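Secondary and tertiary structure notes
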Amino acid sequence: MDERIASLPEVLETLDGEKVTSAEQWQQKRRPEIFKCFREHVFGREPCPDRLSFHMISEEQLKETIKSKKVRLTYVGPGGEGTFNVHLLIPCQSRQPVPAFLLINHQTPESPLSTSFWPTDEIVSRGYAAIVIHVQEIDPDFDDGFKNGVHALFDAPGEPRPKNAWGTLAAWAWGASRVMDYLETDPDIDQHRVAVVGHSRGGKTALWAGAVDQRFKMVVSNNSGCTGAALSRGKKGETIKAINTRFPHWFAENYKAFNDKEYDMPFDQHMLLSLIAPRLLYVTSATEDDWSDPESEFLSLLLTSPVYQLFGLKGLGESPYPSPEEPIIGEHVGYHLRTGQHDLVEYDWKCFLDFADRFL
Ligand code: GTR
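Rules behind the numbers
Residues numbered from 1 in each chain as written. Predicted model: local features only at pLDDT ≥ 70, side-chain atom pairs only at ≥ 80, totals over all residues. Heavy atoms only, no water. Near = heavy atom within 4 Å. Polar contact = N/O pair within 3.5 Å; in protein donor to acceptor, adjacent residues only side chain to side chain. Areas by Shrake-Rupley, 256 points an atom, 1.4 Å probe, with all protein chains shown as cover. Helix = DSSP H or I, 4+ residues; strand = E, 2+ residues; numbered from the N terminus. Nonpolar A, V, L, I, M, F, W, Y, C, P; charged D, E, K, R; others polar. Core = buried A, V, L, I, M, F, W, Y, C linked by side-chain atoms within 4.5 Å. Buried < 20%, exposed > 50% of the residue type's maximum accessible area, 1.4 Å probe, protein only. Contact = heavy atoms within 4.5 Å. Disulfide = S-S within 2.5 Å.

The protein chain is annotated in an unreviewed UniProt entry as Acetylxylan esterase from Pullulanibacillus pueri.

Okay, here's the thing in structure tokens:
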């Protein structure tokens, strides 16, 4: 067995040494332990939402088959009021509430028209609502000492930030949960069939959003690499030290204690992925994305299978590393390797939609 696998913490063993053999034990005891570990050491603690309200900015029929809605979400923290917008494109052939993809978008500051990165025409034509948030509106993506965005409104003024305080990715995930709060009130959307999707830093965020908020029925993590899907032990490309150095605002301060100490961590990323079980989980890699380490992303996903099996699902099973453009679809878990660079493109979306058609 390779060194990294031999040194991984046991997913199915509680902190007091009990073996986890049932779904109930997982849900009641082991899952909360792992969740707390990631919250404390990696992403940081998010606050409870306070006085959230929704305001419809516009609602219009774009084409005969597509309705567009723009909604402003307003929240109040101890430091004042903040807002961000959600844009929904909703297929309107159906009279039933529709399932949805929520994209955590860090690439473009505004809602793009249908692009390869965000192919709304394709998503909507296949019967799903295409919903997007722009992370910059929730928390700008640079190291500002947490002086702006949602952090400033919730952090206690004048006091040093605790080492487990939330970083920027946790703030974006918090934003995704607030969208879920809104979706629960929107009769056009089937709130029980919402997939949260992100690419790269957005892919790490989608995983954390799905871990924190179990209302998300499906999580898609595209090319998420370090502190996303990929195992940190033995990882090629980006390391914990590299990510904490380049992006010191992404995670809780506590995470920096693991710079160059991957083998001492009481967790690894397969445990983050396991927090999605038994819900739907789809992970992708790209052949030229060495910085993310595709093989490590795949291995980590494979290691969630014992957790899915507690729920009577095969998970990814024991599949070998696949060839490009040959998705592996297990039970509630899917993976593909795409030829090309670090990106989110139409081929990836086609696979997400196929997976959602089958399971969501
Ligand atoms: C890279 C970073 C990755 C990934 C990516 C992105 O530069 O090292 O962790 O998040 O950016 O978000 O595009």
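**Quick word on the site of the ligand**
The environment of the ligand is made up of His106, Ser200, Arg201, Lys204, Glu238, Ile243, Arg246, Phe247, Trp250, Trp291 and His342. At 2.7 Å from an oxygen atom of the ligand is found a side-chain nitrogen or oxygen belonging to serine 200. A distance of 2.8 Å is found between an oxygen atom of the ligand and a side-chain nitrogen or oxygen belonging to lysine 204. Starting from 310 Å² of accessible surface for the ligand in isolation, the protein chains cover 87%. Secondary structure elements with two or more residues in the shell around the ligand: helix H6 (201–212) and helix H7 (240–246). Considering only residue class, the shell around the ligand consists of four nonpolar, three polar and four charged.

**With respect to the nonpolar core**
In this structure, Phe38, Ile131 and Ile189 are the most contacted members of the largest nonpolar core, which totals 82 residues. Sort the elements by how many residues they give to this core and helix H5 (residues 168–183) lands first, with eleven residues. Apart from the residues lying within four places of it in its own chain, the contact partners of phenylalanine 38 are Phe43, Gly44, Trp208, Phe267, Asp268, Gln269, Met271, Leu272 and Leu275. Core analysis: the next-biggest nonpolar cluster, separate from the first, contains 25 residues, Ile123, Leu280, Leu344 and Ala356 among them.

**Some points on the state of the cysteines**
In total, this model carries zero disulfides according to the counting rule given. For cysteine 37, which is in no disulfide, the shortest distance to another cysteine sulfur is to cysteine 226 and amounts to 16 Å. By relative accessible area, cysteine 37 is classed as buried at 14%.

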